[in-house]
Amino acid sequence: MYYVAEINEEACVANKGCRLCIMYCPEANCIMMNDEKKVAFVVESRCKGCELCVVVCDAAKHKAITMQDR
Amino acid sequence: MSKEKIVINPEFWDIIPQDYRDLVDHATYGKSDRGWKDVGSSTELIAEHSLCAGCPESIAFRHIMASIPAPEDTVMVGSTGCTSLVFPMVAVQNIHSLFGNQNAIATGLKRALAYRFPNQVKDVIVLAGDGATVDIGLDMTLQSWFRQEKFTTICFDNELYANTGGQESGLMQKGFVAKMAPQGKKFEKVRLPEIARESGCAYVAVLTTSKPSLVERVVKQAVLIAREIGPTYLQIYTPCILEIGKQSMEGLQEMRDSESAGERFKFREFITPEAQAFIDDMNAKKKADKLAASANN
Ligand SMILES: Cc1ncc(C[n+]2csc(CCOP(=O)(O)OP(=O)(O)O)c2C)c(N)n1
Ligand code: SF4
Ligand code: SF4
Ligand code: SF4
Ligand SMILES: [Mg+2]
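Residues numbered from 1 in each chain as written. Chains lettered and ligands numbered in written order. Predicted model: local features only at pLDDT ≥ 70, side-chain atom pairs only at ≥ 80, totals over all residues. Heavy atoms only, no water.

As recorded in an unreviewed UniProt entry, chain A goes by Pyruvate ferredoxin oxidoreductase, epsilon subunit and comes from Leptospirillum ferrooxidans.

It is worth spelling out the overall build of chain B at this point. Looking only at helices and strands, one finds 9 helices and 7 strands in chain B. The principal-axis extents of the C-alpha atoms in chain B amount to approximately 65 × 50 × 40 Å. Here chain B holds 297 residues, and the buried ones make up 53% of them. Long-range pairs, those at least 24 residues apart, make up 66% of the contacts in chain B with a sequence separation of at least 6. Of the roughly 13,600 Å² of accessible surface on chain B, a fraction of 55% belongs to carbon and sulfur atoms. (Helix = DSSP H or I, 4+ residues; strand = E, 2+ residues; numbered from the N terminus. Buried < 20%, exposed > 50% of the residue type's maximum accessible area, 1.4 Å probe, protein only. Contact = heavy atoms within 4.5 Å. Areas by Shrake-Rupley, 256 points an atom, 1.4 Å probe, with all protein chains shown as cover.)

Next up on the list: helix α3 (residues 102-116) of chain B. All names here are of chain B. The first and last C-alpha atoms of α3 sit 21 Å apart over 15 residues, in line with the 21 Å expected at 1.5 Å per residue. Along α3, the positions that sit buried rather than exposed are Gln102, Asn103, Ala106, Thr107, Leu109, Lys110 and Leu113. Contacts from the buried residues of α3 go to β1 (74-78), β2 (93-96), β3 (123-129), α4 (130-136), α5 (138-146) and β4 (152-157). (Expected span 1.5 Å × (residues − 1).)

Tallied over the entire structure, the rule returns 26 salt bridges over all chains. Arginine 46 of chain A is the partner of aspartate 19 of chain B in a salt bridge, and the nearest nitrogen-oxygen pair spans 3.1 Å. Taken together, the residues aspartate 19 of chain B in helix α1 (residues 18-26) and arginine 46 of chain A in the loop between β3 (39-42) and α2 (52-59) connect one chain to another. Judged by relative accessible area, aspartate 19 of chain B falls into the partly exposed class, the value being 37%. Arginine 46 of chain A gets classed as buried once you look at its relative accessible area, which sits at 17%. (Salt bridge = Lys/Arg side-chain N within 4 Å of Asp/Glu carboxyl O.)

If you want it as structure tokens, here you go:
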């Protein structure tokens, strides 16, 4: 079983310029921008489940990321 | 070199792994204004590596790789330690040196590149841990500065030997107790930034990787000053969350705590008047170009 981050598209405010999770995720090419929808998304195969993205998103009160079992 | 040199032979395109194709199609080689803002919408120059989940060394690596001004014309030199687990996954030419030898290798490399490509820019960047930089490699580090070798030295300071399980390093804080240093360190943290300044570095900065825009500014400045003027040194706090007993998501807060007023990683930089004049000149030129471009539109 894997523990990975998932982004709720409704709650993500990347369209307003937020890039916090993309800035701080320790893994490269792991959280990317969907340039059409203007939301961030997680490339699950690269996620190590550290939860740092949840911390930065929650601290900014967006609460768009949750951790999931896969 | 330009991005053209890494074009794949079309005959082989179908057997090239997707990660590699992404690099060819979406990496920011040859982009003059590349920076951390490209991440998320371009392919970064690092692929999956084996550092611990949440390791700030990984964050710092991402910010640095996004910021180096000319990755296609850069050779990096690494050393043994946790950083050496990342280098095989870095899409910039790099050399792994024997533990501690990194600044000696970089010296030879920089001179050889200048000789072989006299009319091209070739940047050399050393990136190594604190053990490699200030303990076992201190001789090589200092001698390269004394000799005014024109490359950048970046130290990932996690204040101990992480890769071998937490031994004391010269950059560890006084009194700190680690798994393999149970009595607590008896001496002060070595003041390597000040030593770097006194040893002839044209630019020195101490920071954490909590602000990618700051990392971008200092990395660009350090590489460009090394290209034109003389040695430069960056010391970046990349706490080893594993060895200091933090959870995987606590690295960022640890860095923020360490950079408040009076703390050991409060941002500071030293720059020689010559290097400052060079940067001012460059910024003035950039401004003039921008003005000219907007006047033409
Ligand atoms: C010549 C030599 N001496 C010792 C070692 C063992 N060794 C491997 S990693 C390491 C410590 C690395 O510490 P540091 O440079 O701070 O990097 P970190 O792992 O903390 O990022 C040591 C002593 C080695 N590989 N080669
Ligand atoms: S931090 Fe949260 S709101 Fe901001 S881009 Fe990431 S998921 Fe969206
Ligand atoms: S859990 Fe960690 S590795 Fe996974 S997306 Fe979030 S920050 Fe990145
Ligand atoms: S041991 Fe420490 S420095 Fe090395 S990868 Fe793990 S957290 Fe990072
Ligand atoms: Mg170390």
